Amino acid sequence: MALGKYSRVDGRKSSSYCSTVTIVVFVALCLVGVWMMTSSSVVPVQNSDVSSQGKTSDATTQVTESKESSNGDESNPTDEGKSKQFEDNPGDLPEDATKGDASVSQEENNSNSQQTESTTEVKQEEKSTEQNEDTGDSKSETQSESGTDNSDDKKIEDKDSEAGEKNETKSVGEETEEGSDEKKSVENPGELNEKKDQEVDQGSDEKADGQKKDQLSNEVFPSGAQSDLLNETTTQNGAFSTQASESKNEKETQKSLESDKESSYTWKVCNSTAGPDYIPCLDNLEAIRNLRSTKHYEHRERHCPDNPPTCLVPLPEGYQRSVEWPTSREKIWYHNVPHTKLAEVKGHQNWVKVSGEYLTFPGGGTQFKHGALHYIDFIQQSIPDIAWGKRTRVVLDVGCGVASFGGYLFDRDVLTMSLAPKDEHEAQVQFALERGIPAISAVMGTKRLPFPSRVFDVVHCARCRVPWHIEGGKLLLELNRLLRPGGLFVWSATPVYQKLPEDVEIWEAMKQLTKAMCWELISKTKDRVNGVGVAVYRKPMDNECYEQRSEDAPPLCQGSDDPNAAWNVPLQACLHKAPVATSERGSQWPESWPARLSKSPYWLLSSQVGVYGKPAPEDFTADYEHWKHVVKNSYLNGMGINWSTVRNVMDMRAIYGGFAAALRDLNVWVMNIVSVDAPDTLPIIYERGLFGIYHDWCESFSTYPRSYDLLHADHLFSKMKTKCGLPAIVAEVDRILRPEGKLIVRDKVEAVTELESMFKSMHYEIRMTYSKDKEGLLCVQKTMWRPKEVETLTYALA
């Protein structure tokens, strides 16, 4: 019984124990379930944090790379020299600006870019790892602490986030224009939209957002620029973009595509019977056919098409890189100028000869068969006052032949502007330019030559076949306009020394005309070596002779006649008076060379305002100092140009000639162009012993294709864009630039960007591009590429 009693008691105890265990297990399971639910609610948040940090790292790297590619050259914005690079003050080119000038520079830039991007990625990985570790600690603390602690942490995080935002706002306020410029270069609409979506995903975690901002500020971006980006990209809330932003992005994308279509340029080869020698304004066959007369060489004057051509001139078959100076003065490649007519007609006068694959130039001419140097020395002996290279610096050679006279005057430190009509003697000016001697295609016809008055120290004519004595001496009076008071006219022609009836008649006519013009015959001598005679006349320095003339023939010009007006102005048979006031240009002879190069002309007055806004003499000096600094620190050393290959240079928008003056120690000559719609500073350029010409860049220049090794354009294209469009000017640049020749452009960023795209479409090599403070610098090199497609129609002379 007892056993049975105890048995019943044990049974009850066992049942009660099982119930207790069951309850305990149940409660435990509930706790585990609660714990699991709690854990599951925490873990995804932490995983989300890790994921968002990864996204932030990727987005930050993308922005950094974009910024570096757009503004990689602005790493030192506070450097004074760099900040003034594009002002009319001294400035030099940053070392990191070049891209393709030399292989070394390109490799260094690529290496620097890769190192920067790698550093950014490493920093982002380290940052992501640290944040993951912090997240893991936060997870364990969350499992052991209550929800009230999380609430307290939340309040602290809010304060930190607010503090970070305040710091960013302050940074924005302190940032200069450079920050805004950098922002514009980075903010691409597509990239911004992607970054916005990425940052929306982490909008629920303000602490991570605050940490991200601080780390971006310290590690990725320079101070200030990142603030604009982050303020811009945190304006949206939620996980979805708005319809407004989606539509805006689509419209901007479509607009970008349309812009790309507009910026895709196509080029064709000019369909001209002049072929590789095409000069649009001189080969306008349609206009020439409609001329009423060619008596005064009207067919050799300029007749520009109404619409400037945008085609590209073909290369001669077998063209190769030009021979370098000074060797080029004696020989050039035959295939570059494949013309032999002059060798056949003038070979006995030592103009040019064919020698295998070369054309050679013995240095002779019609009046100096035994060489130009002897002829030059003979003139010096006959007129010691001519003082080559000292008193005489700038010479005009009319009817220059192949320009050997000007080519050898370089040995006497004299700069010669040679001119001759196109094709009067086949390719004579083209020969000169290929040799590295200054020359233009022009004719003494019905219009004034495109030069200012009173600028040439000497005018020379060696058998130039110009009828000076006819029609009241109209052509000789044009030389009088160009000749500086006290300047010399050197005339070497058969009427000076031969006794044939025609020559005697011309000589007598010239004697009467020059006397009426008050020109003094100061020398008439004969060169026994060449068997020719030379007459030298001097223009008067004052008006005394004009007032004492018995006859008013040729008449004095009207007071309203501006002698400096030269662009398409008809010739007149009248005399311009000499300047009287001591402060007037032409009343004094310039300083001897080379002192005249750097000294402000005596007639530039402080009461006059210069081109850049300073008193004229100060403006002149500041311009000279600016270009000396730029040439020395940028062009000679920072652009990878091998200047030994550069001979023929053109400054497409010269002001005071400072660029040309800064190159005086190199074996180059510079054609300075003053636009017809720019301030008329060309007389200043001549006064300093340099030379140039007036021109309208909506028309072709009066030179053969492939004439220049280097073109320089300072803020030209942006000014001409609205006048005649860039394609026509770019096509003209391509026409006159030699293959492997270079163009340096300094202009507004918008113009530089558009030009870069155009030159890429022409297969030019982009050697360097740089931009800062809305100003840009571009250097490109022409290649041998020519389009395959030919234009349907272009008028040109056969």
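Preceding block: the structure.
As the structure is a computational prediction, the values presented were derived from the model and not from experiment.

1. Regarding the overall build of the protein
Now for step 1: When helices and strands are counted, the protein shows 25 helices and 17 strands.
Now for step 2: Across the 798 residues of the protein, 50% fall into the buried class.
Now for step 3: Contacts in the protein between residues at least 24 apart in sequence constitute 71% of all its contacts with a sequence separation of at least 6.
Now for step 4: Accessible surface for the protein amounts to roughly 37,000 Å². Of this, 50% is attributable to carbon and sulfur atoms.

2. Things to note about the sheet that holds strand S1 (residues 331-333)
Now for step 1: With antiparallel pairing, 3 strands are arranged side by side in an open sheet as S1-S3-S2. Because the sheet does not close on itself, it has two edges, and the strands there are S1 and strand S2 (353-355). Within this sheet the neighbouring strands show an average axis-to-axis angle of 30°, counted without direction.
Now for step 2: Of the pairings in the sheet, the one linking S1 to strand S3 (residues 358-360) comprises 3 bridges and is antiparallel in character. When the bridges of S3 are listed, lysine 331 appears paired with threonine 360.

3. Topic: the side chain of glutamate 434
Now for step 1: Along the chain, glutamate 434 falls in helix H14 (residues 428-435).
Now for step 2: A distance of 2.9 Å separates the side chain of glutamate 434 from the side chain of serine 322, its partner in a polar contact.
Now for step 3: If we skip the residues at most four places from it in the chain, glutamate 434 touches Ser322, Ser328, Ile332, Asn336, Val337, Arg706 and Arg738.

4. A short note on the packing of aromatic side chains
Now for step 1: The tally for this structure, following the rule as stated, stands at 22 aromatic pairs.
Now for step 2: On the numbers, 5.2 Å between centres and 70° between planes, the contact of phenylalanine 456 with tyrosine 686 is edge-to-face. You can see phenylalanine 456 sitting in strand S7 (residues 456-462) and its partner tyrosine 686 sitting in helix H22 (residues 682-687), a full 230 residues away along the chain. Taken individually, phenylalanine 456 and tyrosine 686 each receive the classification buried, so the pair is uniform in this respect.
Now for step 3: Seen in terms of ring centroids, phenylalanine 489 and tyrosine 537 are 6.3 Å apart; in terms of plane orientation they differ by 25°. Their pairing is stacked. In this pair, phenylalanine 489 is assigned in strand S8 (residues 483-492) and tyrosine 537 in strand S10 (residues 532-538), connecting sequence segments 48 residues apart.
Now for step 4: Judged by its relative accessible area of 0%, phenylalanine 489 is buried.
Now for step 5: Taking relative accessible area as the criterion, tyrosine 537 reaches 2% and is therefore assigned buried.
Now for step 6: By way of ring pairs, the aromatic residues Phe368, Tyr375, Trp388 and Phe405 are connected into one cluster.
Now for step 7: If you follow arginine 329 out to its NZ or CZ, it ends over the ring of tyrosine 408, 4.1 Å from the centre.

5. Overview of the sheet that holds strand S5 (residues 415-420)
Now for step 1: Strands sit in the order S6-S5-S4-S7-S8-S10-S9 across an open sheet of 7 strands; the sheet is mixed. Unpaired on one side and paired on the other, strand S6 (439-441) and strand S9 (520-527) mark the two borders of the sheet. Recorded for the sheet is a direction-independent mean angle of 20° between the axes of neighbouring strands.
Now for step 2: The strands touched by helix H17 (residues 501-516) within the sheet are S8, S9 and S10, with S8 carrying the most contacts at an inclination of about 175°.

6. Looking at the pairing of strand S15 (residues 737-748)
Now for step 1: Counting buried residues in S15 gives 10 out of 12 residues, a clear majority hidden from the surface.
Now for step 2: Relative to strand S17 (residues 775-781), S15 runs antiparallel, the two being bridged by 7 bridges. Opposite valine 745, over in S17, you have leucine 778 as the bridge partner.

7. Focus on the pattern of salt bridges
Now for step 1: With the rule as written, the count across this model stands at 30 salt bridges.
Now for step 2: Across the pair glutamate 434 and arginine 738 runs a salt bridge, and its minimum N-O distance is 3.8 Å. Note that glutamate 434 is positioned in helix H14 and arginine 738 in strand S15, a separation of 304 residues in sequence.
Now for step 3: Classification of glutamate 434 as buried rests on a relative accessible area of 5%.
Now for step 4: Here lysine 782 ties to aspartate 734 by a salt bridge, and the two come within 4.0 Å at their closest N and O atoms. Of this pair, lysine 782 sits in the segment after S17 while aspartate 734 sits in helix H24 (residues 726-736), and the two are 48 residues apart along the sequence. Across this residue pair, the class does not change: lysine 782 and aspartate 734 are buried.
Now for step 5: Counted as one network, the salt bridges with shared partners bring together Asp457, Arg484, Arg596 and Glu687.

8. Notes on helix H15 (residues 474-482)
Now for step 1: Of all the 9 residues making up H15, 8 are buried; the element is thus mostly covered by neighbouring parts of the structure.
Now for step 2: Of the positions making up H15, those classed as buried are Leu475, Leu476, Leu477, Glu478, Leu479, Asn480, Arg481 and Leu482.
Now for step 3: Tucked into the core, H15 has its buried residues touching strand S4 (394-398), S7, S8, H17 and helix H18 (544-548).

9. Quick notes on H24
Now for step 1: The buried fraction of H24 amounts to 10 of the 11 residues, a majority that puts the element mostly inside the structure.
Now for step 2: Listed as buried for H24 are Leu726, Ala728, Ile729, Val730, Ala731, Glu732, Val733, Asp734, Arg735 and Ile736.
Now for step 3: Where the residues of H24 are buried, they touch strand S11 (648-651), strand S14 (708-714), helix H23 (717-724), S15 and helix H25 (749-761).

10. So, the nonpolar core
Now for step 1: Judged by nonpolar contacts, the single largest core of 122 residues is most densely connected at Phe451, Trp468, Phe489 and Trp491.
Now for step 2: The residues that make up this core include at least three from each of domain 1 (363-435 + 455-548) and domain 2 (595-796).
Now for step 3: Look past the residues within four positions of tryptophan 468 in its chain and what remains in contact with it is Val398, Met444, Cys461, Gly473, Leu475, Leu476, Leu479, Phe489, Trp491, Met510 and Leu513.
Now for step 4: Residues Ile376, Ile386, Phe405 and Ala462 belong to the second largest nonpolar core, which totals 20 residues.

11. Observations concerning the packing of H23 against H24
Two quantities define a packed helix pair, namely the angle between the helix axes and the distance between the axes.
Now for step 1: Where H23 meets H24, the axes come as close as 8 Å, and the angle between the chain directions of the two elements is 120°. Here H23 lies oblique to H24, going by the angle between them. Contacts between H23 and H24 involve Phe717, Met720, Lys721 and Cys724 on the former and, on the latter, Leu726, Ala728, Ile729, Val730 and Val733.
Now for step 2: A breakdown of the residues in the contact of H23 with H24 according to their chemical character gives 8 nonpolar, no polar and 1 charged.

12. Section: the environment of leucine 521
Now for step 1: Counting through the fold element by element, leucine 521 comes out in strand S9.
Now for step 2: A C-alpha to C-alpha distance of 8.9 Å links leucine 521 and lysine 511, two positions 10 residues apart in sequence.
Now for step 3: With sequence-adjacent residues up to four places away left out, leucine 521 is seen in contact with Trp507, Ala535, Val536 and Tyr537.

13. Details of the state of the cysteines
Now for step 1: Under the defined criterion, the tally for this structure stands at 6 disulfides.
Now for step 2: For cysteine 461, the disulfide goes to cysteine 464, at an S-S distance of 1.8 Å. Torsion about the S-S bond of the cysteine 461 and cysteine 464 cystine: about -85°, corresponding to left-handed handedness. Both residues of the pair, cysteine 461 and cysteine 464, count as buried.
Now for step 3: There is a disulfide in this structure between cysteine 557 and cysteine 574, and the S-S distance comes to 2.0 Å. Linking cysteine 557 and cysteine 574, the disulfide has an S-S dihedral of approximately 90° and is accordingly described as right-handed. Note that cysteine 557 is positioned in the loop between H18 and helix H19 (595-598) and cysteine 574 in the loop between H18 and H19, a separation of 17 residues in sequence. Of the two residues, cysteine 557 and cysteine 574, both sit in the buried class.
Now for step 4: Disulfide connectivity for the protein, with bonded cysteines indexed by sequence position, reads 1-4, 2-3, 5-6, 7-8, 9-10, 11-12.

Rules used in this analysis
- Residues numbered from 1 in each chain as written.
- Predicted model: local features only at pLDDT ≥ 70, side-chain atom pairs only at ≥ 80, totals over all residues.
- Heavy atoms only, no water.
- Helix = DSSP H or I, 4+ residues; strand = E, 2+ residues; numbered from the N terminus.
- Buried < 20%, exposed > 50% of the residue type's maximum accessible area, 1.4 Å probe, protein only.
- Contact = heavy atoms within 4.5 Å.
- Areas by Shrake-Rupley, 256 points an atom, 1.4 Å probe, with all protein chains shown as cover.
- Pairing = 2+ DSSP bridges.
- Axes fitted to C-alpha atoms, helices over the stretch in contact; angles between N-to-C directions.
- Polar contact = N/O pair within 3.5 Å; in protein donor to acceptor, adjacent residues only side chain to side chain.
- Phe/Tyr/Trp six-rings, centres within 6.5 Å; stacked < 30°, edge-to-face > 60°.
- Lys NZ or Arg CZ within 6 Å of the ring centre and 35° of its normal.
- Salt bridge = Lys/Arg side-chain N within 4 Å of Asp/Glu carboxyl O.
- Core = buried A, V, L, I, M, F, W, Y, C linked by side-chain atoms within 4.5 Å.
- Domains from an automatic or database assignment.
- Parallel < 35°, antiparallel > 145°, perpendicular 65-115°, else oblique.
- Nonpolar A, V, L, I, M, F, W, Y, C, P; charged D, E, K, R; others polar.
- Disulfide = S-S within 2.5 Å.

Keep in mind these numbers describe shape, not what the thing actually does.
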